[in-house]
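# Summary of the model geometry
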Amino acid sequence: MLHEILAFEFMRNALLAAILSSVACGIIGTYVVVKKIGFISGGIAHTAFGGIGLGYYLGINPLLGVIPFSLFAAIAIGLMSKKAKVAEDSAIGTFWAVGMAVGVICISLKPGYAPDLFSYLFGNILTVPTFDLWMILLLDFFIIGVVWLLNKEFLAISFDEEYARVSGLKTTALYLLMLCLIALTVVVMMRVVGIVMVIALLTIPAAIARMFSRTLPGMMLLAIALSLLFSISGLWFSYQFDLASGATIILVSGFVFFLVHAWRLVSASLTAQ
Amino acid sequence: MKDPIIQCDQLSVSLGGMKVLDKVTLSVNDGDFLGIIGPNGGGKTTLLRVILGLEAPSAGSVRVFGGSPGSFPARIGYVPQRLFFDRDFPISIRELVLMGRISNKKLFQHYNKRDRENADQAICTAGLERLADRRIGDLSGGELQRALIARALAGDPELLLLDEPTASIDPQMKTTIYDLMEHLKEKLTIVLVTHDTGTISRYVTRIASLNVTLELYESALSPNRDSLSALYHYPVNTVVHHSQVSRTIDHP
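Quick caveat: nothing in here was measured; it's all calculated off a predicted structure.

Residues and elements named next belong to chain B. With respect to the helices and strands, Gln-10 occurs in strand 1 (residues 6-15). Considered as a pair, Gln-10 and Thr-176 are 166 residues apart in the sequence and their alpha carbons are 36 Å apart. Residues in contact with Gln-10, not counting those within four places in the same chain, are Lys-23, Val-24, Thr-25, Ala-59 and Gly-60.

This part is about the side chain of A:His46. Residues and elements named next belong to chain A. Along the chain, His-46 turns up in helix 3 (residues 38-58). Since its relative accessible area comes to 8%, His-46 is described here as buried. Engagement of the side chain of His-46 in a polar contact is seen with the backbone oxygen of Gly-42, the distance being 2.9 Å. Excluding residues within four positions of it along the chain, His-46 makes contact with Trp-96, Gly-99, Met-100, Ile-195 and Val-196.

Here the focus is the nonpolar core. Among the nonpolar cores identified, the biggest contains 170 residues, and A:Phe154, B:Leu47 and B:Leu161 are the most heavily contacted of them. No other element matches the 16 residues that helix 10 (residues 171-193) of chain A contributes to this core. Not counting residues up to four positions away in its chain, the partners in contact with A:Phe154 are A:Tyr31, A:Val146, A:Val147, A:Leu174, A:Leu177, A:Met178 and A:Leu181.

Moving on to the interface of chain B and chain A. Contact with chain B, which involves 34 residues of that partner, is made by 26 residues of chain A. Between chain B and chain A lies a buried interface of about 2800 Å² when both sides are counted; carbon and sulfur atoms form 64% of it. On the chain B side of the contact with chain A, B:Phe89, B:Pro90 and B:Ile102 bury the most area, a combined 23% of that side's loss. Inspection of the region where chain B meets chain A yields three salt bridges. We note a salt bridge from A:Arg210 to B:Asp86, for which the minimum N-O separation is 2.6 Å. On inspection of chain B and its partner chain A, the count reaches 11 residue pairs in polar contact (both at pLDDT 80 or more). Elements with a contribution of two residues or more to the side of chain B that touches chain A: helix 1 (44-52), helix 2 (93-98) and helix 4 (141-154) of chain B. In terms of residue class, the side of chain B that touches chain A is built from 18 nonpolar, six polar and 10 charged.

Under the defined criterion, the tally for this structure stands at 12 aromatic pairs over all chains. An angle of 35 degrees between the planes, with centres 5.7 Å apart, marks the rings of A:Phe39 and A:Trp96 as tilted. Here the residue A:Phe39 occupies a position in helix 3, and A:Trp96 occupies one in helix 5 (residues 88-109), the gap between them amounting to 57 residues. What makes A:Phe39 partly exposed here is its relative accessible area of 46%. Judged by its relative accessible area of 27%, A:Trp96 is partly exposed. Judged by centre distance (5.1 Å) and plane angle (85 degrees), the rings of A:Phe159 and B:Phe89 are edge-to-face. One end of the pair, A:Phe159, is in helix 8 (residues 151-159); the other, B:Phe89, is in the loop between strand 5 (76-79) and helix 2, on a second chain. What makes A:Phe159 buried here is its relative accessible area of 3%.

The rules behind the values
Residues numbered from 1 in each chain as written. Chains lettered and ligands numbered in written order. Predicted model: local features only at pLDDT ≥ 70, side-chain atom pairs only at ≥ 80, totals over all residues. Heavy atoms only, no water. Helix = DSSP H or I, 4+ residues; strand = E, 2+ residues; numbered from the N terminus. Contact = heavy atoms within 4.5 Å. Buried < 20%, exposed > 50% of the residue type's maximum accessible area, 1.4 Å probe, protein only. Polar contact = N/O pair within 3.5 Å; in protein donor to acceptor, adjacent residues only side chain to side chain. Core = buried A, V, L, I, M, F, W, Y, C linked by side-chain atoms within 4.5 Å. Buried area = accessible area lost by both parts, 1.4 Å probe. Salt bridge = Lys/Arg side-chain N within 4 Å of Asp/Glu carboxyl O. Nonpolar A, V, L, I, M, F, W, Y, C, P; charged D, E, K, R; others polar. Phe/Tyr/Trp six-rings, centres within 6.5 Å; stacked < 30°, edge-to-face > 60°.

Here's what the structure looks like:
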């Protein structure tokens, strides 16, 4: 049966996309969860839609439009909330909507029908082209490299930003860099679950992993494993029942998330008795 | 005579339009153990934050190790009062303490054997060997406080700044924290901020009271309970334009 599925090139690509995106998602999702910046990540993801529209309008691969656009969004949201004394949620909300609006305008300016834009919004792991897989692989290497080089700094700013600043770290620059890595992870995940649902796959595996981890690297590994499990089982369900793959992956993740918490509540009340 | 480690000259700080520190002049010399007491909202934490470079003075000057605040992070160990971090963060005491080494490291540099040894030593000094591999969420308030002191010590500082290290921990634990200070003052210059007036006088070499303005008392005074109580109230009477900060704690 597995042979049968893997005989299709699109299935092999889908599996590769699941593996490659899980790596970025587990590592960066861990920071998103421990630093509690899920909402910022959601903002960056939605702003990135402007980049897709732009790429489409210019007639280039939307992935090439979305990378600079989402990096810009990350830095702008980060600077606005850190420096310009704008309430963080206002900054995020504004970028969120403006980015989407830019995308919609760009797409409407280009005559003709935009068939695969839907897959950027909601993901379609079955249609990931080989070029995009190479891009995802490259981004993975970049993310792993930066995190490997700066793991002690990222740990310090995630744990206690003020103490990190007192220790002489350039906390704002490091924070912006972290947001840029989140932006790149959004790009990586976009093909799998889509912009709208990226935030779920970025936070759910890491949030579950956190409950069972003693260290940050341990949490990252577990989050990668969970992300992979959710992607592949979601993919399998979507294949079996002919459902949208991105949405199925999210539903599987969400289901496990609730299950783990319910189990926690029950076991906590049992030990309390 | 060596230069003072901390030199504040006519230092004033306003936060949100309110004067939190007014013309504070203070020097801390090598080997001092200075206790700064005063009511909540009296500017104690702000003074430490200015010394750390987290807050800028609105008037006057501060020099720390002869430079501007924040210039020598590796020479200062800081024990914050408020815990900005998450108690559920997946990190052990050992790793928490290791983070104190970051001020001695360059960007991109990973922690090495020496960093780990220093961290382990700081853990021993704080008496946390048995708990070193526990998650910070499993610790009591007093144990966590000692872990934060260990973190500050891991960087081999010359100056230790402590903000209310005994707040929110039980009395028995307080004594062990002060005993630790007693041990540390042999090697370090310490500035400790507290509203715990009762205990502190037994340990410090000098004491200052801060309530927007600062009054410094030299060791010769060695204030007893009554004079300490009087001193505690003294500056309060001078500051009548801040109703919210002139509230004092009743001294037993």
